[in-house]
Amino acid sequence: MLAIGCDQGGYELKLEILKYLDGKGIAYKDCGTYSPDSVDYPIYARAVVKEILSGNCEKGIIICGTGIGVSMVANRYKGIRAALCGDCFSAEATRLHNDANVLTMGARVVGPGLACKIVETFLNTPFSGEERHVRRIKMIDETDEM
Ligand code: RB5
């Protein structure tokens, strides 16, 4: 299961992505926001994070105007590896190397066509599982203990 959320800046793009996911038969939980009214993006970033950390969802997508604010929020949580992607190369690399479990995007940065391709790449690329990447990912969480 995939968790997806956005603020008002990402609302229209989220609708496009939901259409894409529906077309592919990919199950998701829509964590809001559910209208273009102004909201606070940390609420929706946390809602997606919660779905992942509770084990309800394996991956998440969070969209705001830039993708930056939601990325900052999500990466505060241990076990969350959120990657802000504006291209397919980054989406592929962050799955292969970082085992990213959250994709963030900026609706004012990428158009719907590219965003759906980024989502497709993110969802279809497995983690490489290579020892050096496993080691480095473990080191991300160790940063908490400094
Ligand atoms: C909302 O205007 C905007 O600040 C938000 O969508 C996001 O870009 C924050 O990082």
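Our subject is the structure listed above.
Anyway, here's the lowdown on the structure attached to this text. (Residues numbered from 1 in each chain as written. Predicted model: local features only at pLDDT ≥ 70, side-chain atom pairs only at ≥ 80, totals over all residues. Heavy atoms only, no water.)

1. Description of the sheet that holds strand E2 (residues 28–30)
The strands making up a sheet associate through backbone hydrogen bonding, with each pair oriented either parallel or antiparallel. Applied cut-off: Any two strands are treated as partners once DSSP identifies two or more bridges connecting them. Secondary structure elements are taken from DSSP: a helix is a run of H or I of four residues or more, a strand is a run of E of two residues or more, and numbering for both begins at the N terminus. With axes taken as lines fitted to C-alpha atoms, and helix axes fitted only over the stretch in contact, angles between N-to-C directions fall between 0 and 180 degrees. Pairs of residues are marked as contacts when any of their non-hydrogen atoms sit within 4.5 Å.
Read across the open sheet, the 5 strands follow the order E2-E1-E3-E5-E4; overall the sheet is parallel. Two strands lie at the open edges of the sheet, namely E2 and strand E4 (82–84), each paired on one side alone. Here the average twist between neighbouring strands, direction ignored, is 20 degrees. In terms of strand pairing, strand E1 (residues 2–6) meets E2 through 3 bridges, oriented parallel. Looking at E2, one finds that Ala3 is bridged to Lys29. The strands that helix H2 (residues 41–53) touches are E1, E2, strand E3 (59–64) and strand E5 (102–106); relative to E3, the one it contacts most, it runs at about 175 degrees. Helix H5 (residues 112–124) contacts E1, E3 and E5 of the sheet and is inclined by roughly 170 degrees relative to E5.

2. Some remarks on the side chain of Asn101
Going by this rule: As used in this structure description, the phrase polar contact means that two N or O atoms lie within 3.5 Å; if the pair is within protein, one of them must be able to donate a hydrogen and the other to accept it, and residues adjacent in sequence are counted only when both atoms belong to side chains.
Relative to the elements of secondary structure, Asn101 occurs in the loop between helix H4 (88–98) and E5. A distance of 2.8 Å separates a polar side-chain atom of Asn101 from the backbone oxygen of Gly79.

3. Things to note about the packing of helix H1 (residues 11–24) against H5
How we decide: Working rule for angles: under 35 degrees goes down as roughly parallel, over 145 as roughly antiparallel, 65 to 115 as roughly perpendicular, anything else as oblique. Throughout, a crossing is termed right-handed when the near helix is turned clockwise from the far one, and left-handed when it is turned anticlockwise from it by less than a right angle.
One way to put it is that H1 packs onto H5 with a least axis distance of 10 Å and a crossing angle of 50 degrees. Taken as axis vectors, H1 and H5 run oblique relative to one another. When you trace H1 past H5, the crossing you get is right-handed. Across the interface between the two elements, Leu13, Glu16, Ile17, Tyr20, Leu21 and Lys24 from H1 touch Pro112, Ala115, Cys116, Val119, Glu120 and Leu123 from H5.

4. Notes on the nonpolar core
Where we set the bar: Residue types Ala, Val, Leu, Ile, Met, Phe, Trp, Tyr and Cys, when buried and joined through side-chain atoms within 4.5 Å, form a set referred to as a nonpolar core. Burial status follows relative accessibility: with a 1.4 Å probe on protein chains alone, a residue under 20% of its type maximum counts as buried, one over 50% as exposed, and anything between as partly exposed.
Residues Ile17, Leu21, Ile61, Leu103, Met105, Ile118 and Val119 are the most contacted members of the largest nonpolar core, which totals 23 residues. Tallying contributions element by element places H1 first for this core, with 6 residues. Other than its neighbours up to four places away in sequence, Leu21 contacts Leu2, Ile4, Ile26, Tyr28, Val119 and Leu123. Counting residues in each nonpolar core, the second largest holds 15 residues, with Val48, Val49, Cys64 and Ala74 among its members.

5. Some words on the pairing of E1
Where we set the bar: By definition, the crossover connecting two strands over a helix is right-handed if that path, from the first strand to the second, turns clockwise as seen with the strands pointing away from the viewer.
Counting buried positions over the 5 residues of E1 gives 5, a clear majority of the element. Burial along E1 is two-sided: Leu2, Ile4 and Cys6 and Ala3 and Gly5, pointing in opposite directions, are all buried. One crossover worth recording links E1 to the parallel E2 by way of H1, and it is right-handed. Pairing of E1 with E3 involves 5 bridges; the strand directions are parallel.

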